[in-house]
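Here is what each chain is made of, one letter per residue.
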Amino acid sequence: MTTIVVVRKAGQVAIASDSLVTFGELRLSGDYEANEKIIKVGDSYIGLAGSTAHFSVVRRLLESTDHLELHSRDEVFDTFLRAHTQLKEKYFLNPKEDEDDPYESSQITAVIANPSGIFGVYSLREVFKFERFWGIGSGRNFALGAMHASYDRLRSARAIARVGVLAGTEFDKNSSGPIRAFSFGEKAGQ
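Counting starts from 1 at the beginning of each chain's written sequence and moves along it residue by residue. Reporting of local features is limited, given that this is a predicted model, to residues whose pLDDT is at least 70; pairs of side-chain atoms are given and counted only at 80 or more, and all residues count toward the totals for whole chains, interfaces and linings. The basis for every side-chain value is the complete set of non-hydrogen atoms in the structure, without hydrogens or water.

A.B. asks: Looking at this structure, I do not really get the overall build of the protein. What am I missing?
C.D. replies: Labels follow the DSSP assignment, with helices taken as runs of H or I lasting at least four residues and strands as runs of E lasting at least two, numbered in each case from the N terminus. Secondary structure assignment for the protein yields four helices and 11 strands. Put simply, the radius of gyration uses C-alpha atoms, and a globule should come to 2.2 Å times the residue count raised to 0.38. Since a compact globule built from 190 residues should have a radius of gyration of about 16 Å, the 16 Å found for the protein is in line with a globular shape. Counting every position in the protein, which comprises 190 residues, the buried fraction comes to 46%. The Shrake-Rupley method, run with a 1.4 Å probe sphere, supplies the accessible areas, and residue values consider only the shown protein chains as cover. Accessible surface for the protein amounts to roughly 9,800 Å². Of this, 50% is attributable to carbon and sulfur atoms. Lys and Arg are tallied as positive, Asp and Glu as negative. Neither His nor the chain termini are counted. Lys charges are placed at NZ, Arg charges at CZ, Asp charges at CG and Glu charges at CD. Side chains of the protein carry 23 positive and 25 negative charges; the gap between the two charge centres is 7 Å. Exposure classes here rest on a 1.4 Å probe applied to the protein chains alone. A residue is buried below 20% of its type maximum, exposed above 50%, and partly exposed in between.

Here it is, written out as C-alpha cells:
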C-alpha cells in the first residue's frame, strides 16, 4: 500500500509520500520502479493510495479535465463526481465495493494539497478539509502518531510531513523510501 501525508502549518502546506510499489509478495522500491504517488495538476498536488492502476488513470483524467477546481470542499466534491462518470465510461472502473454501500465507489483514496488547504477524498466521494495534517494508506496510523507528536515541536510543514512518512516507512511493511515531498507557502523549504 503506501504512506502519504499532508500538513498545514504557519502559512505552509506540504505533501509527502513513500515510493514503494507492491504486487502481492513482490516489493519494488524507488530504485526499481519510478512510482510517483503524488501528481501535480495546476497548483494542486494530489496523492493517491490504493491500486497502482489509479495512478495513470487519475493522472490522465485530471490533466484532461476542463475547469478543474480543487480549492474548497464543494469544488473537490464536484470534480470527483464528474471524474466518477468518466472513470466508469472511459476507463471501465468497477464501482462495486460492499453491497450495503449507499453509493457506487470510485475506488479512490486521495489527499490534496494546494494554496487553499489540505483535503481528503474517499471512495464514496466523501470530502474532508483538514486544518493541521492527515494521512492515507497502510502506514497512515504510524504517520498520524508521528505527526501528532512532532507538530508543535517542528517549525515547517515539510519537516512534519517527512517525519510522518518516515514513521510509515519504518513500521509499515508496505511502505518504503525514498520519500518524495513537495511544499509551498511561507518559508516552505525549511
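A.B. asks: Explain the pattern of salt bridges here, please?
C.D. replies: Any two side chains of opposite charge can pair, given that their charged atoms come close. A side-chain nitrogen of Lys or Arg and a carboxyl oxygen of Asp or Glu constitute a salt bridge if their distance falls within 4 Å. Inspection of the entire model under this criterion finds four salt bridges. For lysine 37, the salt bridge identified is with aspartate 18, shortest N-O distance 2.9 Å. Note that lysine 37 is positioned in the loop between strand 4 (26-28) and strand 5 (38-41) and aspartate 18 in the loop between strand 2 (12-17) and strand 3 (21-23), a separation of 19 residues in sequence. Residue lysine 37 is classed as buried on the basis of its relative accessible area, which comes to 2%.

Functional significance is not addressed by these values, which are geometric in nature.
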